[in-house]
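Residue-level structural notes
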There are 2 protein chains.
Amino acid sequence: MKYDPQKKLNRNTQRTLKAFSEAMFGLLGEKNFEKITVNELCARCDYPRATFYNYFDDKYDLVSYCWYQLGKDAHLDAAQTLPTNESLLAVFDEVYRLFTTHHDLLNRVVEHNPVDGLLINDFIHHFNRVMTQLFANSLLNHKTKTPIELMAQYYSNTVLLVLKWVFLSQHDVSLDTARGYLTELLTKPFLSEANN
Amino acid sequence: MKYDPQKKLNRNTQRTLKAFSEAMFGLLGEKNFEKITVNELCARCDYPRATFYNYFDDKYDLVSYCWYQLGKDAHLDAAQTLPTNESLLAVFDEVYRLFTTHHDLLNRVVEHNPVDGLLINDFIHHFNRVMTQLFANSLLNHKTKTPIELMAQYYSNTVLLVLKWVFLSQHDVSLDTARGYLTELLTKPFLSEANN
DNA sequence: TTTGTGGTTTTACAAGTGTCTAAATTTTGA
DNA sequence: TCAAAATTTAGACACTTGTAAAACCACAAA
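What you are looking at is a predicted structure, and each value in this text was computed from that prediction instead of being measured.

**Notes on the side chain of S21 of chain A**
Residues and elements named next belong to chain A. Mapped onto the secondary structure, S21 falls in helix α1 (residues 11–28). At 3.1 Å, the side chain of S21 and the backbone oxygen of K18 are in polar contact. Other than its neighbours up to four places away in sequence, S21 contacts L62, Y65 and C66.

**Side note on the protein's contact with DNA strand C**
Near DNA strand C there are 13 residues, and of these A50, T51 and Y55 of chain A together with R49 and Y53 of chain B occur at the shortest range. Here the atoms of DNA strand C within 4 Å of the protein split so that 67% fall in sugar or phosphate, with bases taking the remainder. Taking N54 of chain A, its side chain carries an N or O atom lying 3.2 Å from a phosphate oxygen of DNA strand C. The contact in question runs from a phosphate oxygen of DNA strand C to an N or O atom on the side chain of Y55 of chain A, over 2.7 Å. Listed by contribution, the elements that provide at least two residues to the surface near DNA strand C are α3 (49–55) of chain A together with α2 (38–45) and α3 (49–55) of chain B. For the surface near DNA strand C, the leading source of residues is α3 of chain A, giving four residues. Broken down by class, the residue content of the surface near DNA strand C amounts to six nonpolar, five polar and two charged.

**Considerations on the environment of E30 of chain B**
Residues and elements named next belong to chain B. Structurally, E30 can be placed in the loop between α1 (11–28) and α2. Owing to a relative accessible area of 46%, E30 belongs among the partly exposed residues under this scheme. Those residues in contact with E30 that lie beyond four places of it in its chain are R44 and H112. There is a polar contact of 2.8 Å between the side chain of E30 and the side chain of R44.

**Description of unusual backbone geometry**
The backbone phi angle of D46 of chain A is positive, close to 60 degrees, even though this residue is not glycine. Residue placement: D46 of chain A occurs in the loop between α2 (38–45) and α3. With a phi close to 35 degrees, D172 of chain B is a non-glycine residue in the positive phi region. Note on placement: D172 of chain B falls in the loop between α8 (148–168) and α9 (175–187).

Conventions used here
- Within each chain, residue numbers correspond to sequence positions counted from 1 in written order.
- Chains carry letters from A onward and ligands carry numbers from 1 onward, assigned in written order.
- Local features in this predicted model are restricted to residues of pLDDT 70 or higher, and side-chain atom pairs are both shown and tallied only at a pLDDT of 80 or more, whereas totals for entire chains, interfaces and linings draw on every residue.
- Hydrogens are left out, water is left out, and the side-chain values use all remaining heavy atoms of the structure.
- Only runs of H or I of at least four residues qualify as helices and only runs of E of at least two qualify as strands under DSSP, and these elements are numbered from the N terminus.
- N or O atoms within 3.5 Å of each other form a polar contact, as long as, within protein, one can give a hydrogen and the other can take it, and as long as residues adjacent in sequence are counted only when both atoms are side-chain atoms.
- The contact criterion used is simple: two residues touch if any of their non-hydrogen atoms lie within 4.5 Å.
- Any residue with at least one heavy atom within 4 Å of a molecule or strand is counted as near it.
- Classes in brief: Ala, Val, Leu, Ile, Met, Phe, Trp, Tyr, Cys and Pro nonpolar; Asp, Glu, Lys and Arg charged; the others, Gly included, polar.
- Relative accessibility thresholds used throughout: buried, under 20% of the residue-type maximum; exposed, over 50%; partly exposed, between the two (1.4 Å probe, protein chains only).

Right under this line is the structure:
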């Protein structure tokens, strides 16, 4: 990404970024990410190749910008100041909501891209980074033997595991059920005996 | 992968596979995976390009064969029949041991490849698949609201999170400390209040 | 209006990718 | 041991990638 989407961007730049990300979103719903070429993206939004490379390093760069855009309408910052337990569920709910909003898009994407392939991995990874940062903040005053960074990664991982299960592996369960899974995973002591 | 490494392979095939995977391991310790080209791999082990494509679809295919090879000297199958709690730690120990064996290689790889980049992700992912399968088996007679497949993924994820922290993020703590992290993560009820 | 400046676009290029065909070579089995 | 079958290799092809130099344009200041 050669432009910082946080900064003020002039109208032209915004239009170009939007055009490319929409082209990408469109194509992602139609075919496998690996098969998408830069030429194709440019053809779809009618910009020359050089313009693409003016804004992005490569298609991976563009797709990560797409995730950034998609994630923008989630309001996660609020959760940052809550204690961990509340923060965790607040963030879970909010991302559940976000993914619900984009339910159709996600379904189309999954139709053409393997759930454990590069693209979906990258998608999950993007939210993982955001959430890890968040949880790390709300864990600051916890005292554990385990390093905070590792705990933050653990919580983020687990939240995303459930969300992936619901939205990407398409088990499409309700928010309540999903919450149930999450809390059972996090609270069930692993040393429990097999109850046979 | 056009040949199944599980099947019997004639001497020639084995030699070729070995040559290519060694070339890959060598190059991975020298430069970034993205910069490695098929030509380079062929040059290093002195096989023509056509032979490479005879055995592998692309370099991603080769590298995943490399992970398979690397994982072969871990004896995980035994853990499959144990109850979950013992299985979990047995598998953890065994993979800890495996990664220790390849400590130098991993360090060299991490020097040239970002920890959250495509290559390392793929590496983790490979073991994630293997372990998820394993845990799914040892969870068969557990009764939980949460689907077994999801629980298996959760355990596998968490084990690998710690191992990644130790060996790929290079915090290099002892087996005991690492075990401590893992058990704290898995047993700590997430609803614990902030202890400030 | 002219000129300069910054960004966009054109065009060209040196690489790499993956596929294909036909020739060379090895393996196999009679 | 020899010929048929299978595999490996060379070479070529169409295509993509990312970069770089030069032409081009719009818009502001003089």
